[in-house]
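# Observations on chain architecture
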Amino acid sequence: MSTLQNKRILLGVTGGIAAYKAAELVRRLRDGGAEVKVAMTRAACEFITPMTMQALSGQAVHTSLLDPAAEAAMGHIELARWADAVLIAPASADFLARLNAGMGDDLLTTLCLATRAPIYIAPAMNQAMWDSASTQANLSQLQSRGIGVFGPGSGSQACGEVGLGRMLEPTELAERLAATFSAGTLTGKTVVITAGPTREAVDPVRYISNHSSGKMGYALAEAAREAGAKVVLISGPCHLTAPENVELHQVESAEQMLDASLTAATNAHIFIAAAAVCDYRPASVSEQKIKKQNNNGSMTLELIANPDIIASVVAAQPKVYSVAFAAETERLLDHAKTKRERKGVNCIIANDVSAAGIGFNSDDNAVTFIDETTELTLDKRSKSQLARALIDLLAEKSKKTKDKAL
Ligand code: PMT
């Protein structure tokens, strides 16, 4: 599978003759499975039309910071947050200077300021402009701030001169971008992930459950797959489609999730418990629909504790690197640390589920990773982006915990 599969690429196009190659670049990125949105500077629109880029990307093209229609569809901050990576190709000398200065006077510079995604630039300019002290100073400062630089290549230029300054070819740019996404960190490993809620039947038509959508667990499954792992996803009831090439086991109750988990854990290297398992279930399930009773408007349901799935996995497979989540509404880190000890897991992901816009059923999340030596907060971002960061971290941590990992 391409490492660009399902990646969200924001392609910035600036003004230069190489802008015509951006059209081909959109195609190459999409061939790799990426979703591409294009933002163009005013100068770029002099070289290639937004219409062309729209037709090739299949998406509305963004050209202005102050366009109410575009902002209503997807605001610039939302666009900046949407991206998994930002690629500026071609990046003109003027754009490099403005990016380095931290300008925010047009859409593309503002997007670069606002995004948390990695930024890559593919410079394209006349060889003397490339060689100039200003451009080189801008470039080295941008690189020192973590901005990746692809190229430029050398050869004959549109201006008739020969030298460094040609934008790399679209195929090479797509390959270079693909290579920046983590690939292979979990090759040969099996990762088991629980996701979604459990449902605990009360009678044939009613159940107890919670607000988990499964988004976090499914995003982790996809990220682990992208990192090369064999992934077993044990999912409670939810409306999501499992990522490609992931082994899906659908379950309803905590007891079913426990059975599937213990079986899958026998071959696992990493077990991630992202599911929101109901702690209790009705002591007995009525065979018939329970009738409304005339008992002063109240009814009592006896509940009994469900098995603790992740603690059972740790007990049965102590060599598996185990990861729990802690969904908390108060004293997040304290409660998470206590839970980590109680469940005996290698690490716990503390998830504040009281904050608006993260946690249950939202597209974004923010968490703190906690293990014996590390307490690392990953601030708010899409669940896909967070999942990739977590999988990278778990791959590294599980490798270091040699006595625990198989
Ligand atoms: O699904 P989403 O809408 O995307 O939301 C994501 C999420 C908020 C559900 C997820 O990020 C999360 O926090 N999952 C854990 C939810 C939870 O039930 O947390 P807990 O603190 O109650 O449980 C602690 C850990 O023990 C969890 O790893 C849980 O899977 C596990 N557990 C809990 C009870 C039980 N009987 N068995 C378990 O294995």
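Residues numbered from 1 in each chain as written. Predicted model: local features only at pLDDT ≥ 70, side-chain atom pairs only at ≥ 80, totals over all residues. Heavy atoms only, no water.

Membership of the largest hydrophobic core comes to 34 residues, with the highest contact counts inside it found for Leu186, Ile193, Leu220, Ile272 and Leu390. Not counting residues up to four positions away in its chain, the partners in contact with Ile193 are Gly217, Leu220, Ala221, Ala224, Val231, Val232, Leu233, Ile234 and Ile272. Ranked by size, the runner-up nonpolar core spans 33 residues in total, among them Val26, Ala44, Leu177 and Phe181. (Core = buried A, V, L, I, M, F, W, Y, C linked by side-chain atoms within 4.5 Å. Buried < 20%, exposed > 50% of the residue type's maximum accessible area, 1.4 Å probe, protein only. Contact = heavy atoms within 4.5 Å.)

Further remarks concern the site of the ligand. Near the ligand there are 28 residues, and of these Ser212, Ser213, Ala275, Lys339 and Asn361 occur at the shortest range. Taking Ile310, its main chain carries an N or O atom lying 2.8 Å from an oxygen atom of the ligand. Within the backbone of Ala327, one N or O atom sits 3.1 Å away from an oxygen atom of the ligand. Expressed as a share of its isolated accessible area of 760 Å², the protein-covered part of the ligand is 96%. Of all the elements in the fold, those that place two or more residues in the shell around the ligand are helix H11 (215–226), helix H13 (309–316), strand S16 (321–328) and helix H14 (332–343). Ranked by the residues each element gives to the shell around the ligand, the list is headed by S16, at 4 residues. Residues that form the shell around the ligand fall into these classes: 15 nonpolar, 7 polar and 6 charged. (Near = heavy atom within 4 Å. Polar contact = N/O pair within 3.5 Å; in protein donor to acceptor, adjacent residues only side chain to side chain. Areas by Shrake-Rupley, 256 points an atom, 1.4 Å probe, with all protein chains shown as cover. Helix = DSSP H or I, 4+ residues; strand = E, 2+ residues; numbered from the N terminus. Nonpolar A, V, L, I, M, F, W, Y, C, P; charged D, E, K, R; others polar.)

With that settled, consider the packing of H11 against helix H15 (residues 383–400). Helix-helix packing is described using two parameters, namely the angle between the two axes and the distance between the axes. For the pair H11 and H15, the least separation of the axes is 8 Å and the interaxial angle reads 50 degrees. In terms of their interaxial angle, H11 and H15 are classed as oblique. The chirality of how H11 crosses H15 is right-handed. Every residue of H15 that contacts H11 at Lys215, Met216, Ala219, Leu220, Ala223, Ala224 and Glu226 is listed here: Lys383, Ser384, Leu386, Ala387, Arg388, Leu390 and Ile391. (Axes fitted to C-alpha atoms, helices over the stretch in contact; angles between N-to-C directions. Parallel < 35°, antiparallel > 145°, perpendicular 65-115°, else oblique. Left-handed = near helix turned anticlockwise from the far one by under 90°.)

The subject of this paragraph is the side chain of Lys7. Following the sequence through the fold, Lys7 ends up in the segment before strand S1 (8–13). Residue Lys7 is classed as buried on the basis of its relative accessible area of 1%.

The next thing to look at is the layout of surface pockets. By volume, the largest pocket amounts to about 780 Å³. Every residue lining the largest pocket is counted, 37 residues in all, and those nearest its centre are Ala275, Ala276, Val277, Phe325 and Ala327. Listed by contribution, the elements that provide at least two residues to the lining of the largest pocket are strand S8 (190–195), H11, H13, S16 and H14. Ranked by the residues each element gives to the lining of the largest pocket, the list is headed by S16, at 4 residues. (1 Å grid on protein atoms, 1.4 Å probe; cavity = no way out; pocket = protein on both sides within 12 Å on 5 of 7 lines; lining within 4 Å. Points joined across faces, edges and corners; volume = space filled by probe spheres on them.)

Here the focus is the packing of aromatic side chains. According to the stated counting rule, one finds 1 aromatic pair in the structure shown. Ring centres of Tyr120 and Phe150 lie 5.2 Å apart, and the angle between their planes is 10 degrees; this geometry places the pair in the stacked category. Note that Tyr120 is positioned in strand S4 (residues 119–123) and Phe150 in the loop between strand S5 (148–149) and strand S6 (153–156), a separation of 30 residues in sequence. A single burial state applies to Tyr120 and to Phe150, both of which are buried. Taking NZ or CZ as reference, Lys7 lies 4.8 Å from the ring centre of Phe181, over its face. (Phe/Tyr/Trp six-rings, centres within 6.5 Å; stacked < 30°, edge-to-face > 60°. Lys NZ or Arg CZ within 6 Å of the ring centre and 35° of its normal.)

Relative to each other, helix H6 (residues 93–101) and helix H7 (residues 107–114) sit at 40 degrees, their axes nearing to 10 Å. Looking at the two axes, H6 sits oblique to H7. Seen from above, H6 lies across H7 with right-handed handedness. Of the residues in H7, those touching H6 at Phe95, Arg98 and Leu99 are Leu108, Thr109 and Cys112. Looking at the contact of H6 with H7 residue by residue, the class counts come to 4 nonpolar, 1 polar and 1 charged.

What follows is about the pattern of salt bridges. A full pass over the atoms with the stated rule returns 25 salt bridges. Its salt-bridge partner being Arg28, residue Asp31 comes within 2.7 Å of it at the nearest N-O pair. Of this pair, Asp31 and Arg28 both sit in helix H1 (residues 19–31), separated by 3 residues, roughly a single helical turn. Given the relative accessible area of 55%, Asp31 is considered exposed. For Lys343, the salt bridge goes to Asp308, with nearest N and O atoms at 2.6 Å. Taken together, the residues Lys343 in helix H14 and Asp308 in the loop between strand S15 (303–305) and H13 connect sequence positions 35 residues apart. Judged by its relative accessible area of 18%, Lys343 is buried. Judged by relative accessible area, which is 30%, Asp308 ranks as partly exposed. Connected via shared salt-bridge partners are Lys7, Asp84, Glu226 and Arg388. (Salt bridge = Lys/Arg side-chain N within 4 Å of Asp/Glu carboxyl O.)

Time to look at the domain arrangement of the chain. You can read the domains of the chain as domain 1 (2–179) and domain 2 (190–405). Put simply, the middle of domain 1 and the middle of domain 2, counted by C-alpha atoms, are 39 Å apart. Listed as interface residues are 9 residues of domain 1 and, on the opposing side, 8 residues of domain 2. When the buried area of domain 1 at its contact with domain 2 is split by residue, Lys7, Arg81 and Arg116 rank highest and sum to 54% of it. Our enumeration of links across domain 1 and domain 2 arrives at 4 salt bridges. One salt bridge connects Asp84 with Arg388, and the closest N-O pair in it is separated by 3.1 Å. In this assembly, domain 1 and domain 2 are joined by 8 residue pairs in polar contact (both at pLDDT 80 or more). For the side of domain 1 that touches domain 2, a count of residues per class yields 2 nonpolar, 2 polar and 5 charged. (Domains from an automatic or database assignment. Buried area = accessible area lost by both parts, 1.4 Å probe.)

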